[in-house]
Structure formats: structure tokens, C-alpha cells
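Residues per chain are reported as follows:
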Amino acid sequence: MSFVQLQKRLLGAVLAVGALLGGNAARAEGNLELSYTVPIIGIEMLYRGMGYADEEGNFIDIAGAHIISSTVKLDFWTDPSTDVSTLFMGMNVPVLDAQSYYFTVTGDQLQQLEPGHYSYSLTTDIFNGEVYSGRFSVSSYALDAEGNPVQLPGFVGEGSGFYFTYDIAAPVPEPASALLLLAGLGVAPVLARRRKAAQAV
């Protein structure tokens, strides 16, 4: 089997797993944290929606939850002669009413720690908002001399990827909705009494 065939098979497997499982979830200070990790630079992973797989393998969609913090991390080792200037890592964030909907890392943002070792990290609130149901992708690649996306040879450190902390607390009704609800609860017993009185006559 050639390297290209192996790469295509790996890509297909990751696409299938990503689409089926979604991200990984963990508790973080009373909220939940969802992660989408990047195994190599040169792959696209498609997801059915923002969520995670429970212990039985069922997909748990977090649509309706609110993102309250977002972090991206990249730790990357490559040959010191490798040009990392065209590196790109991006994720469509399925969120409503946020300042931004596309989380990216580009080669010019990388900090060189030593020859061939690069790092980047950012935590932001610009993706804060309500998660909606819908497919999205996480992609990473570099560009060759002709501008085609290619895999960047090297090693991606554990924990590299996109992380979201979200609040799953039940939404508090708006004042107008709460008043209508209370009014409805107050009217119901009155209507019930009137019905009983009418039936007795």
C-alpha cells in the first residue's frame, strides 16, 4: 500500500469517527468542557454537530448550551528547515450572536521555542453565544509552492486543538415570559372553579 493510499485511508477513518462521535467532554469547574483535537497538520475532520459521545456511544448534541470561553492550543515539532509560514488550523464554531464564528491559527502567529519547535495558545470570549445544531469542520494544512493544501511533516503535541467551556444551566425565563406563566397559573384555578360551578347548575 502506497503512502498516498494510507493517508487517504487514515483521512477517511478520521472523517468517519469525527462525524459519528463529535468531540470529547469533561467537567471544568461546574461547567462542561468540549475538545476537538488535531492529530496531524494536513487533515479535515467533519462533525455532525457540536457535542460528544456518552459512555454508550450515543451522540449528545449540546445545541442550546452557551459557550462561555474558548481556547486554542498548538504544540508542533518539525524539521528546523521546514517552512511553517503557511500553516493553517481552523474551526467553524456553530454559535449564534457571537463576535466571530471562525477560530483560526496561522503560521505567522506561532512562537518559536527552539529550532523546529513551535507553540501557540489563546483563550478568548469572542465565540461566546448559544450553540446551534449543524455540521461543521476542523481543518489543518499547509500550502505548497503552487498554493495547494498539503500535510506539514512533523509531530503535533498532545492537547493541540480547540477547547470550549459551556454552561448547561437551564435558561431563566425572561421577565415577560415569567409574568405570562404566573398569570396563566393564576387563571387556571379560577377557570376550573367556574367550570365546576357551571356543571353543578
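Residues numbered from 1 in each chain as written. Predicted model: local features only at pLDDT ≥ 70, side-chain atom pairs only at ≥ 80, totals over all residues. Heavy atoms only, no water.

Quick notes on the overall build of the protein chain
Alright, step 1. Secondary structure assignment for the protein chain yields 2 helices and 16 strands.
Alright, step 2. Buried positions account for 34% of the 201 residues belonging to the protein chain.
Alright, step 3. In the protein chain, once contacts between residues fewer than 6 apart in sequence are set aside, the share between residues at least 24 apart is 74%.
Alright, step 4. In the form shown here, the protein chain has an accessible surface area of approximately 12000 Å², with 57% of it arising from carbon and sulfur atoms. (Helix = DSSP H or I, 4+ residues; strand = E, 2+ residues; numbered from the N terminus. Buried < 20%, exposed > 50% of the residue type's maximum accessible area, 1.4 Å probe, protein only. Contact = heavy atoms within 4.5 Å. Areas by Shrake-Rupley, 256 points an atom, 1.4 Å probe, with all protein chains shown as cover.)

Details of the packing of aromatic side chains
Alright, step 1. Summed over all chains, the structure comprises 10 aromatic pairs.
Alright, step 2. A centroid spacing of 5.4 Å and a plane angle of 85° characterise the contact between Tyr-36 and Phe-136, whose relative ring orientation is edge-to-face. Separated by 100 residues along the polypeptide, Tyr-36 in strand β2 (residues 31–37) and Phe-136 in strand β13 (residues 136–143) bring together distant segments of the chain. For the pair Tyr-36 and Phe-136, one class covers both residues: buried.
Alright, step 3. Between Tyr-36 and Phe-164, the aromatic rings sit 6.5 Å apart at their centres with planes inclined by 70°, giving edge-to-face as the arrangement. Note that Tyr-36 is positioned in strand β2 and Phe-164 in strand β16 (residues 161–167), a separation of 128 residues in sequence. Here Tyr-36 and Phe-164 have matching classes, each one buried.
Alright, step 4. Taken together, the ring pairs connect Tyr-36, Tyr-47, Phe-103, Phe-127, Phe-136, Phe-162 and Phe-164 into an aromatic cluster.
Alright, step 5. If you follow Lys-73 out to its NZ or CZ, it ends over the ring of Tyr-163, 4.9 Å from the centre. (Phe/Tyr/Trp six-rings, centres within 6.5 Å; stacked < 30°, edge-to-face > 60°. Lys NZ or Arg CZ within 6 Å of the ring centre and 35° of its normal.)

Details of the confidence of the model for the protein chain
Alright, step 1. Averaged over every residue, the pLDDT of the protein chain is 79; the share at 70 or more is 69%.
Alright, step 2. In the model, residues 1–21 has pLDDT below 50 throughout and makes 23 contacts with residues more than four positions away in sequence or in other chains.
Alright, step 3. Ignoring residues within four places in sequence, the model shows residues 170–196, a span with pLDDT below 50, making 1 contact including any to other chains. (pLDDT = per-residue confidence, 0-100.)

Observations concerning the environment of Gly-129
Alright, step 1. Among the secondary structure elements, Gly-129 is positioned in strand β12 (residues 129–131).
Alright, step 2. Residue Gly-129 is classed as buried on the basis of its relative accessible area, which comes to 14%.
Alright, step 3. Sequence separation between Gly-129 and Ala-98 is 31 residues; the distance between their C-alpha atoms is 5.3 Å.
Alright, step 4. Among residues more than four places away in sequence, those in contact with Gly-129 are Ala-65, His-66, Ile-67, Val-95 and Leu-96.

Quick notes on the environment of Arg-48
Alright, step 1. One can find Arg-48 in the loop between β3 (43–47) and β4 (51–53).
Alright, step 2. The partly exposed category is assigned to Arg-48, whose relative accessible area is 41%.
Alright, step 3. Sequence separation of Arg-48 and Gly-134 is 86 residues, and the distance between their C-alpha atoms is 6.5 Å.

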